[in-house]
Amino acid sequence: MPFTLGPNNYGKSGIRLVRVGRESSRHDLRDLTVHTALSGDLDATHYRGDNTGVLPTDTQKNTVYAFARDGVDAIETFAERLARHFVDAAPAIAHARVRIEQHHWTRIGDHSFTRGEGGERRTAEVAYDGNAAATTAGVSDLLLLNTTDSEFSGFLVDEYTTLPETDDRILATAVTAAWDYQPEDPGDARHDSAFYDHAFTRARGALLAAFADTHSLSLQQTLYAVGERILKAIPEVGEVRLSMPNRHHYLYDLDRFGLDNPGVVFQAGDLPYGLIEGTVRREEA
């Protein structure tokens, strides 16, 4: 055969799950989007259409809902439960990856919630190979803005540079961050939901504090400060990956109307935008 099958996986994406916890009159709400991806000894289905080893994606979807019946807890532990099940229950499957996004609702009563326009989501991804589970957590589209304490100057200038230097600008971004938990010692108990919930709260708090506290000379500097602060806050994390688009705000020219603009009126830009990405890791990681 002149061709061979390369790396492959299959699964169900966009499984929308809402679970209401009714253990007391103060209800708990979990709004999730779950994605599964399975791989293993699946040559037969690709070469011959032999589906003996294929766990249908519809079954994967149903499993997500069935497992939610007994509770979700932290999305990291829910993702691990699912990943371990798919590998252990299907002989041909050697590796499972489950990614979950948790959509944020704010409580306004015992059984009432509101969801703003911001797209912030808590995220988790667990990969399981039959022996060990690797866990990544994070946050997506966390909108942040500083109205001052941001500069950008001293950059490279060539014949195409038109951007003026500034010592005072709005710095706005939508942070997507992911941090990897270092492998646990085999003899240790696995992290539980309380650990992951607490770690996420600490990481998010560290992210917010770093953004607010840093007098930014560049978005790259702010990115590093955020990653460094998360690593300091969570000893169990070995690496933080960050994506921070620059949501530009341009001082609007009011001169043509006979008005000055002492840094109070801005036009929010859309496209194009600067995109700053980077990884901050422990030296020993």
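Our structure's up above, just so we're on the same page.
Participant: Quick question: what am I supposed to make of helix α5 (residues 219-233) here?
Facilitator: An α-helix turns once every 3.6 residues. As a result, residues three or four positions apart point the same way. Here α5 spans 21 Å end to end across 15 residues, near enough to the 21 Å set by a 1.5 Å rise per residue. Along α5, the residues that are buried comprise Leu219, Thr222, Leu223, Ala225, Val226, Gly227, Ile230 and Leu231. Contacts from the buried residues of α5 go to β8 (171-181), α4 (193-213), β9 (237-246) and β12 (274-281).

Participant: Looking at this structure, I do not really get the sheet that holds strand β6 (residues 121-128). What am I missing?
Facilitator: Neighbouring strands of a sheet are bound in pairs by backbone hydrogen bonds; such pairs are parallel or else antiparallel. Judged by pairing direction, the sheet is antiparallel, and its 8 strands sit side by side in the order β1-β2-β3-β6-β7-β8-β9-β12 without closing on themselves. In this open sheet, the two strands that pair with only one neighbour each are β1 (15-21) and β12. Each neighbouring strand pair of the sheet contributes to a mean axis angle of 20°, computed without reference to strand direction. The strands that helix α2 (residues 57-68) touches are β1 and β2 (28-40); relative to β1, the one it contacts most, it runs at about 10°. With respect to the sheet, α4 is in contact with β6, β7 (133-146) and β8, its orientation differing from that of β7 by roughly 35°.

Participant: Please explain the packing of aromatic side chains as it appears in this structure.
Facilitator: The geometry of an aromatic ring pair comes down to the distance between the two centres and the angle between the two planes. Going through the model one piece at a time under the given rule, you end up with 5 aromatic pairs. Measuring from ring centre to ring centre gives 5.3 Å for Phe195 and Tyr196, while their planes differ by 75°; the resulting arrangement is edge-to-face. Residue Phe195 is classed as buried on the basis of its relative accessible area of 15%. Here Tyr196 falls in the buried class, since its relative accessible area comes to 1%. Here a set of aromatic residues connected by ring pairs shows up, and it is made of Tyr181, Phe195 and Tyr196. The ring centre of Phe200 lies 4.6 Å from the NZ or CZ of Arg122, which sits over that ring.

Participant: I tried to follow the nonpolar core on my own but got confused; where do I start?
Facilitator: When a protein is soluble and globular, its nonpolar side chains tend to lie buried together. Among the nonpolar cores identified, the biggest contains 31 residues, and Val175, Trp179, Tyr181, Leu207, Ile230 and Ile234 are the most heavily contacted of them. Among the secondary structure elements, those contributing two or more residues to this core are β7, β8, α4, α5, β9 and β12. Among the elements that make up this core, the one with the highest residue count is α4 (9 residues). Setting aside residues up to four positions removed in sequence, Tyr181 forms contacts with Thr135, Ala137, Phe195, Tyr196, Ala199, Phe200, Ile234, Glu236 and Val237. Core analysis: the next-biggest nonpolar cluster, separate from the first, contains 26 residues, Leu32, Leu42, Val64 and Val98 among them.

Participant: Looking at this structure, how should I read unusual backbone geometry?
Facilitator: Note on backbone geometry: most residues besides glycine have negative phi, and most peptide bonds are trans. A cis amide bond links Leu271 to the next residue, Pro272, at an omega of -10°. Within the fold, Pro272 resides in the loop between β11 (266-268) and β12. Phi at Asp73 is positive, roughly 55°, even though this residue is not glycine. Considering the arrangement of structural elements, one finds Asp73 in the loop between α2 and α3 (75-89). Among the residues examined, Asp73 registers a relative accessible area of 47% and is labelled partly exposed.

Participant: So what exactly am I meant to see when it comes to the environment of Ser193 here?
Facilitator: For Ser193, the position within the fold is in helix α4. Using a relative accessible area of 16% as the deciding quantity, one classes Ser193 as buried. Taking the C-alpha atoms as reference, Ser193 lies 22 Å from Leu142; in sequence the two are 51 residues apart. Each residue touching Ser193, except ones within four places of it in the same chain, is listed here: Asp73, Ala74 and Thr77.

Participant: What should I look at first to understand the pairing of β2 in this one?
Facilitator: Side-chain positions along a regular strand alternate between the two faces of the sheet. The buried count for β2 comes to 10 of 13 residues, which makes it a mostly enclosed element. As defined by bridge partners, β1 adjoins β2 across 7 bridges and the pair is classed as antiparallel. In the strand pairing of β2, Arg19 is matched with Arg30. What sits between the antiparallel neighbours β1 and β2 is a turn of 6 residues. With 10 bridges connecting them, β2 and strand β3 (residues 93-103) associate as antiparallel partners.

Participant: I keep staring at α3 and nothing clicks. Help me out?
Facilitator: Helix length check: α3, at 15 residues, gives a terminal C-alpha distance of 21 Å against a target of 21 Å (1.5 Å per residue), a fit within 8%. For α3, a buried count of 11 out of 15 residues is recorded, marking the element as mostly surrounded by other parts of the structure. Buried within α3 are the following residues: Ile75, Glu76, Thr77, Phe78, Ala79, Glu80, Leu82, Ala83, Arg84, Phe86 and Val87.

What counts as what
Residues numbered from 1 in each chain as written. Predicted model: local features only at pLDDT ≥ 70, side-chain atom pairs only at ≥ 80, totals over all residues. Heavy atoms only, no water. Helix = DSSP H or I, 4+ residues; strand = E, 2+ residues; numbered from the N terminus. Expected span 1.5 Å × (residues − 1). Buried < 20%, exposed > 50% of the residue type's maximum accessible area, 1.4 Å probe, protein only. Contact = heavy atoms within 4.5 Å. Pairing = 2+ DSSP bridges. Axes fitted to C-alpha atoms, helices over the stretch in contact; angles between N-to-C directions. Phe/Tyr/Trp six-rings, centres within 6.5 Å; stacked < 30°, edge-to-face > 60°. Lys NZ or Arg CZ within 6 Å of the ring centre and 35° of its normal. Core = buried A, V, L, I, M, F, W, Y, C linked by side-chain atoms within 4.5 Å.

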